[in-house]
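# Coordinates in review
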Amino acid sequence: MDPQGGHYLNISAVASAVGVARLCQLALGCTTLSLVAHQAGYSAAYGTFCMFVWCFCFAVSAVVFALDFTRLHSCLRISWDNFTIAFAMLATLMYVTASVVYPVYFLRSECPAGGCEVRGYRIGVTVCSCLCALAYAAEVLLTRAKPGHVVGYMATVSGLLKIVQAFVACIIFGALVNDSQYGRHIATQYCVAVYSFCFAVTVIVVGVTVSGRTSALRCPFDRFVVIYTFLAVLLYVSAAVIWPVFCFDKKYGQPSRPSGCPRGKCPWDSQLVVAIFTYANLVLYIADLIYSQRIRFV
């Protein structure tokens, strides 16, 4: 046994660039939560979402750092490198979203009822949240695949795009349940089935990769990923055509936003969000298909 404990403790978890990024994540995440709890505050569904993002990412980051520093991650039956970069990518997206949502709903040019001091705390929350998003993005950049290296699938561009695709699908689902009236036509219900199927398979691909069970598939994993991605492109192309037609064509829907539609509870707004992110995910799947032809991973 090493008297310094070096055999058991991973010093690079603190001294390396990735370790520094993770320490910054913990420090900024803790600061963000402290500012919110102290006086910045939050309310309603949007505030609850932001608070969930900050709490969830801080908790998982603390566990990742502790397991990496003590080397206990070797006791877990998962692909550690795939898990950490997948979480870092997800946390980046979640923090970016919270960093946009929080100031939009809680920052005003005039001082709130709690006084100008509250506004200062809310500005601090926004700044810390943005910096923490950069810290997670830095970890992704430091651990992603480099040319000529054999790496885990989640470290490749294709693997990272899978996280983004699933996140965009969650935004689509959020818009769908917000009174999008997708049940009015069989065609729009088909689009929902496309979003659900692609989301489910994407999550399965990520889950199988992170769990290190890719060898359990009856066909080569890289071939399965390429075939599924090609199928997802075809399905999203059909949804990208069908959804706008049945929501914004005069025959089935409304080409423009109704004048009396309330903000935040307008079906047309939700339909527009779904259409925009359908095209966004289509672009992501096409890029994924292109990159998946060029990768080599383990």
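Given the structure is predicted, the values throughout are model-derived calculations rather than measurements.

Rules of the game
- Residues numbered from 1 in each chain as written.
- Predicted model: local features only at pLDDT ≥ 70, side-chain atom pairs only at ≥ 80, totals over all residues.
- Heavy atoms only, no water.
- Helix = DSSP H or I, 4+ residues; strand = E, 2+ residues; numbered from the N terminus.
- Contact = heavy atoms within 4.5 Å.
- Core = buried A, V, L, I, M, F, W, Y, C linked by side-chain atoms within 4.5 Å.
- Buried < 20%, exposed > 50% of the residue type's maximum accessible area, 1.4 Å probe, protein only.
- Domains from an automatic or database assignment.
- Buried area = accessible area lost by both parts, 1.4 Å probe.
- Polar contact = N/O pair within 3.5 Å; in protein donor to acceptor, adjacent residues only side chain to side chain.
- Nonpolar A, V, L, I, M, F, W, Y, C, P; charged D, E, K, R; others polar.

### Things to note about the side chain of Thr188
Looking at the element boundaries, Thr188 is found in helix α7 (residues 186-211). Beyond its immediate sequence surroundings of up to four residues, Thr188 is in contact with Tyr182, Trp243, Phe246 and Cys247.

### Focus: the nonpolar core
Core analysis: the largest hydrophobic core is formed by 75 residues, its most contacted members being Trp54, Cys57, Tyr95, Tyr195, Cys198, Tyr236 and Trp243. Those elements that place two or more of their residues in this core are α2 (17-40), α3 (44-70), α4 (80-106), α5 (116-143), α6 (157-177), α7, α8 (221-248) and α9 (267-292). Of the residues forming this core, the biggest block, 14 residues, is contributed by α4. Summarising the domain contributions, this core has at least three residues from each of domain 1 (8-148) and domain 2 (156-297). Ignoring anything within four residues of it in the chain, the contact list for Tyr236 reads Ile172, Val194, Tyr195, Cys198, Thr278, Asn281, Leu282 and Tyr285.

### As for the domain arrangement of the chain
Examined at the domain level, the chain breaks down into domain 1 (8-148) and domain 2 (156-297). The straight-line distance from the C-alpha centre of domain 1 to that of domain 2 is 26 Å. On the side of domain 2, 10 residues touch domain 1, which itself brings 15 residues to the contact. Carbon and sulfur atoms make up 78% of the surface buried where domain 1 meets domain 2, a total of about 1000 Å² over both sides. At the junction of domain 1 with domain 2, the criterion picks out 1 residue pair in polar contact (both at pLDDT 80 or more). In terms of residues, the side of domain 1 that touches domain 2 owes the most to one element, α4, which gives 9 residues. Taken together, the residues of the side of domain 1 that touches domain 2 break down into 10 nonpolar, 3 polar and 2 charged.

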